[in-house]
Amino acid sequence: MLQIKDLQAGIEGKEILKGINLTIQPGEVHAIMGPNGSGKSTLASVLAGRSDYEVTGGSVEFLGKDLLDLSPEARAGEGLFLAFQYPVEIPGLSTINFMKTAVNEVRKYRGQEALDAAEFLKLMKEKMNLVNIDKNLLTRSLNEGFSGGEKKRNEVFQMAMLEPRLAILDETDSGLDIDAIRIAAAGVNAVRSKENATLVITHYQRLLDYIVPDFVHVLYNGRIVKSGGKELALELEETGYSFLKNEMNIA
Amino acid sequence: MNDGLSTIEQQITSDYKYGFTSNLEADQAPKGLNEDIIRFISGRKKEPEWMLEWRLKAYRNWLKMEVPDWANIKYPAVDFQDIIYYSAPKQSKKLNSLDEIDPELRRTFEKLGISLDEQKRLSGVAVDAVIDSVSVATTFREQLGELGIIFCSISEAIQEHPELIKKYIGSVVPMTDNFYAALNSAVFTDGSFCYIPKGVRCPMELSTYFRINAENTGQFERTLIVAEEGSYVSYLEGCTAPMRDENQLHAAVVELVAMDHAEIKYSTVQNWYPGDKEGKGGIYNFVTKRGICAGVHSKISWTQVETGSAVTWKYPSCILKGDHSIGEFYSVAVTNHHQQADTGTKMIHLGKNTRSRIVSKGISAGVSHNSYRGLVSVAKNASNARNFSQCDSLLLGDRCGAHTFPYIEVKNNTAQVEHEATTSKIGEDQIFYCNQRGIDTETAVALIVNGFAKEVMNQLPMEFAVEAQKLLAITLEGSVG
Ligand SMILES: Nc1ncnc2c1ncn2[C@@H]1O[C@H](COP(=O)(O)OP(=O)(O)O)[C@@H](O)[C@H]1O
Ligand SMILES: [Mg+2]
């Protein structure tokens, strides 16, 4: 469903992604690991359509469409979701109102009727249970004064609400204790299906104990330098990323 | 495509949704202002002699006054001789019911989205509609009458309740208060009068819609609300004006009087024509609004959503004379393109244990300027006065301006006065976050702005809040790509 070919991108003239190749099929879970600053969040932002990043080469196809040609909101409409590493705060706007707008905008994009208040509430209740989030949190200003864990859980809740075809989770585990990770992972697993795919960006292998990936890729210095199965994550856990430098030197 | 901040700066036209003119036959005064014009107005309204004398006195004072120049606004001088001071839609006879009003006028209301009969039936809002200068229809009069509530045009009140008008007109805003108040006192053409008798809680929102229609007419309405002991009233004022190239003048006066334990809630949604994106045309809105908490434990609450006008000069104020009285001011002012707003409030603490609260939210886009100007004054004998002021500014793009001018005068050392102010910008990351959830940039801005203004919007009566939210969105349409 997602085909990234030789994707190159940068910001303010600085090259960050130096030729990414990645193919994701429906039903698959991919993990991207790699040290800080290797370009993981940049890849997520470019896929989501953040305009400060400039794509300088390559192509991305998503469900048969040229992804790079679509506006960020159209990408969301097509079923791409990004759980942000740093979710933003919007004072005075509750998550409920935010999601009500988002769900109906996405439905509009797909040619579906808007949900009325009762239908929306029903959907919300269902997803709240699924990701185990407190209603109080959803009535407060979006992410304002949330703890790190609450922000991440809110991202998982939004993902559940929007039922994306491809969900990209950017370090959704960072800042979470093990219980929170388990809950977040349970949320992700609950929305997994044969049709949908997940791209998990993480630093630590422990998240992958709960969201078991089909493939693991190591991103380093703007390139995927190694790919493998879930055992690669364990291997990295033991050896760390220091091997990369050696391997890169040999290559 | 969202281009982030670069498009935040980009300005696209957003057409004024209410820009149409009605083909109503109007009965007009000749252009210009002199004593004869005032006699003409007073005569047309069949006013008693004392009213004419009052007007003439105001006029003679006005002649000696100067246009105020201290506000943070710039506009070409207004030629006061180039204005028509009286324009009334021609109506042959007095109306007994709404069904009798001119069908053209009816259509105007409908275009404005105030279908009177709908409001009458559905929402229980009593509407006193003012087109140009004369109140054309007042609904619900009888129902209110049974409770002893008077709700009518001020012209009628002058005829039918002269003792009340004589007692209260100019009692809160003296005719010599300021240049525009003096002008209004001389030439006011219509407006609303409400009187809530002792112990009565007005069972419905009272509402007036103002609209400037004929060319070159200034609109000078005058509103007076008196709430007797232990009474309560909530009053809504909505305003629109047709699109015109020239600037039209609007100089209103609103006076509120609250006796012991009385409460007046006054809400405004101001949507006058703001001018086009180059800054051509639009209303000059110079308004004096003031309430007096005359009695103990009385309360006056102003809520305003200001989205229109080319220039806004407006400071709804409270004189807290009664002990334990409360004054509140909740304001959202949005400016886009070349609009300029200098608005705020004055809280004058005279009584003991008086409290005031100011919440001002300014939103600026385009090359507009938005200023908050507020005075909190605590008199020598006003012990234990409390004030809290919160002034927040939100900027869209970096070519607009937000300014805050708080003035604090405290003459009693038991007073507690707090002032907080913030300025923020709509962030590209906030917009992108919304975009990523499928929300386009225009809608994202509306969500963010409404969130920013929420504390004030929450003060509005339900049916107004929805309209006000839409207005915020319309005003900022095109301010972000
Ligand atoms: N907005 C930006 N402006 C300048 N440099 C950036 C920006 N975003 C990312 N970078 C740089 O790009 C590189 C990759 O960053 P990022 O994608 O955030 O890495 P990761 O998510 O893997 O930690 C880093 O060197 C970072 O400093
Ligand atoms: Mg990152």
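Predicted, not measured: the structure shown is a model, and the values here were computed from it.

All right, on to the overall build of chain B then. Secondary structure summary: chain B contains 13 helices and 23 strands in total. Buried positions account for 64% of the 481 residues belonging to chain B. A fraction of 84% describes how many contacts in chain B between residues 6 or more apart in sequence connect residues 24 or more apart. As displayed, chain B offers around 17600 Å² of accessible surface, 48% of which is attributable to carbon and sulfur atoms.

Helices and strands together make up the secondary structure of chain A, namely 10 helices and 12 strands. Against the compact-globule benchmark of 18 Å for 251 residues, chain A has a radius of gyration of 18 Å, which places it among compact chains. Overall, chain A is about 60 × 40 × 35 Å in size when its C-alpha atoms are taken along their principal axes. Burial statistics for chain A: of 251 residues in total, 53% are counted as buried. Of all intrachain contacts in chain A linking residues separated by at least 6 positions in sequence, the fraction that spans at least 24 positions is 70%. Summing over all exposed atoms, chain A offers an accessible surface of approximately 11000 Å²; the carbon and sulfur share of this is 47%. Placing the 28 positive and 35 negative side-chain charges of chain A at their respective mean positions leaves the two points 2 Å apart.

Take the pairing of strand 9 (residues 166-170) of chain A next. Residues and elements named next belong to chain A. Where burial is concerned, most of strand 9 is hidden: 5 out of the 5 residues are buried. The sheet contact formed by strand 6 (residues 80-83) and strand 9 spans 4 bridges and is parallel. Across the sheet, residue Leu80 finds its bridge partner in strand 9, namely Leu166. Where strand 9 lies against strand 10 (residues 197-201), 5 bridges are found, and the strand directions are parallel. The residue of strand 10 that forms the bridge with Ile168 is Leu199. Note on the crossover from strand 9 through helix 7 (residues 178-190) to strand 10: the handedness is right-handed.

Another point: the site of ligand 1. Residues and elements named next belong to chain A. Around ligand 1, the surrounding shell consists of Ile11, Lys14, Ile16, Pro35, Asn36, Gly37, Ser38, Gly39, Lys40, Ser41, Thr42 and Tyr53. Gly37 places a main-chain nitrogen or oxygen 2.8 Å from an oxygen atom of ligand 1. At 3.1 Å from a nitrogen atom of ligand 1 is found a side-chain nitrogen or oxygen belonging to Tyr53. Within the complex, the protein chains bury 66% of what would otherwise be the 560 Å² of accessible surface of ligand 1. Breaking the shell around ligand 1 down by element, the ones donating at least two residues are strand 2 (14-24) and helix 1 (40-48).

For the rest of this paragraph, the subject is the packing of aromatic side chains. Residue and element names in this part refer to chain B. Under the criterion given, the structure shown has 22 aromatic pairs over all chains. Taking the centre distance of 5.4 Å and the plane angle of 45° together, the rings of Tyr75 and Phe286 count as tilted. Residue Tyr75 is found in the loop between helix 3 (49-63) and strand 2 (87-89), and its partner Phe286 is found in strand 13 (residues 282-293); the two are separated by 211 residues along the sequence. Judged by relative accessible area, which is 0%, Phe286 ranks as buried. Aromatic ring contacts, followed pair by pair, group Tyr59, Trp62, Trp70, Tyr75, Phe80, Phe179, Tyr180, Tyr284, Phe286, Trp313 and Tyr315 into a single cluster. The ring of Phe188 is capped by Arg55, whose NZ or CZ atom sits 4.0 Å from the centre of that ring. A cation sits over an aromatic face here: Arg201 above Tyr232, 4.0 Å from the ring centre.

Coordination sphere of the magnesium ion (ligand 2), protein contribution only: A:Ser41 (OG) and A:Gln85 (OE1), at 2.1 to 2.3 Å. Separated by 44 residues along the polypeptide, A:Ser41 in helix 1 and A:Gln85 in the loop between strand 6 and strand 7 (90-94) bring together distant segments of the chain.

A few words now on the confidence of the model for chain B. Residues and elements named next belong to chain B. Looking at chain B, pLDDT values average 82 and 79% of them are 70 or higher. By mean pLDDT, the top-scoring element of chain B is strand 16 (residues 317-320) (98), and the lowest-scoring one is helix 1 (residues 5-8) (32). In the model, residues 1-15 has pLDDT below 50 throughout and makes 41 contacts with residues more than four positions away in sequence or in other chains. This stretch, residues 118-125, has a pLDDT under 50; its non-local contacts, to residues over four places away or in other chains, come to 18 contacts. Among the scores for the predicted complex, ipTM is 0.95 and pTM is 0.82.

Attention now goes to helix 9 (residues 179-187) of chain B. Most of helix 9 of chain B is tucked away: 9 of the 9 residues are buried. Its side-chain oxygen placed 2.9 Å from the backbone nitrogen of B:Tyr180, B:Asn178 serves as the N-cap of helix 9 of chain B.

With that settled, consider the interface of chain B and chain A. Each partner contributes residues to the interface: chain B has 23 residues there, and chain A has 34 residues. Note on chain B versus chain A: buried area summed over both sides is about 2300 Å², and carbon and sulfur give 63% of it. If you look at where chain B meets chain A, you find 1 salt bridge. Residue B:Arg437 is joined to A:Glu155 by a salt bridge in which the shortest nitrogen-to-oxygen separation is 2.7 Å. Secondary-structure elements contributing two or more residues to the side of chain B that touches chain A are helix 10 (428-436) and helix 11 (441-452) of chain B. When residues in the side of chain B that touches chain A are grouped by element, the largest group, 8 residues, is from helix 10 of chain B. Its residues assigned to classes, the side of chain B that touches chain A comprises 8 nonpolar, 9 polar and 6 charged.

Calculation notes
- Residues numbered from 1 in each chain as written.
- Chains lettered and ligands numbered in written order.
- Predicted model: local features only at pLDDT ≥ 70, side-chain atom pairs only at ≥ 80, totals over all residues.
- Heavy atoms only, no water.
- Helix = DSSP H or I, 4+ residues; strand = E, 2+ residues; numbered from the N terminus.
- Buried < 20%, exposed > 50% of the residue type's maximum accessible area, 1.4 Å probe, protein only.
- Contact = heavy atoms within 4.5 Å.
- Areas by Shrake-Rupley, 256 points an atom, 1.4 Å probe, with all protein chains shown as cover.
- Rg over C-alpha atoms; globule rule 2.2 N^0.38 Å.
- Lys, Arg positive; Asp, Glu negative; His and termini not counted.
- Charge placed at Lys NZ, Arg CZ, Asp CG, Glu CD.
- Pairing = 2+ DSSP bridges.
- Right-handed = clockwise from strand over helix to strand, strands pointing away.
- Near = heavy atom within 4 Å.
- Polar contact = N/O pair within 3.5 Å; in protein donor to acceptor, adjacent residues only side chain to side chain.
- Phe/Tyr/Trp six-rings, centres within 6.5 Å; stacked < 30°, edge-to-face > 60°.
- Lys NZ or Arg CZ within 6 Å of the ring centre and 35° of its normal.
- Donors = N, O, S within 2.8 Å, 3.2 Å for Na, K, Ca; no water.
- pLDDT = per-residue confidence, 0-100.
- Buried area = accessible area lost by both parts, 1.4 Å probe.
- Salt bridge = Lys/Arg side-chain N within 4 Å of Asp/Glu carboxyl O.
- Nonpolar A, V, L, I, M, F, W, Y, C, P; charged D, E, K, R; others polar.

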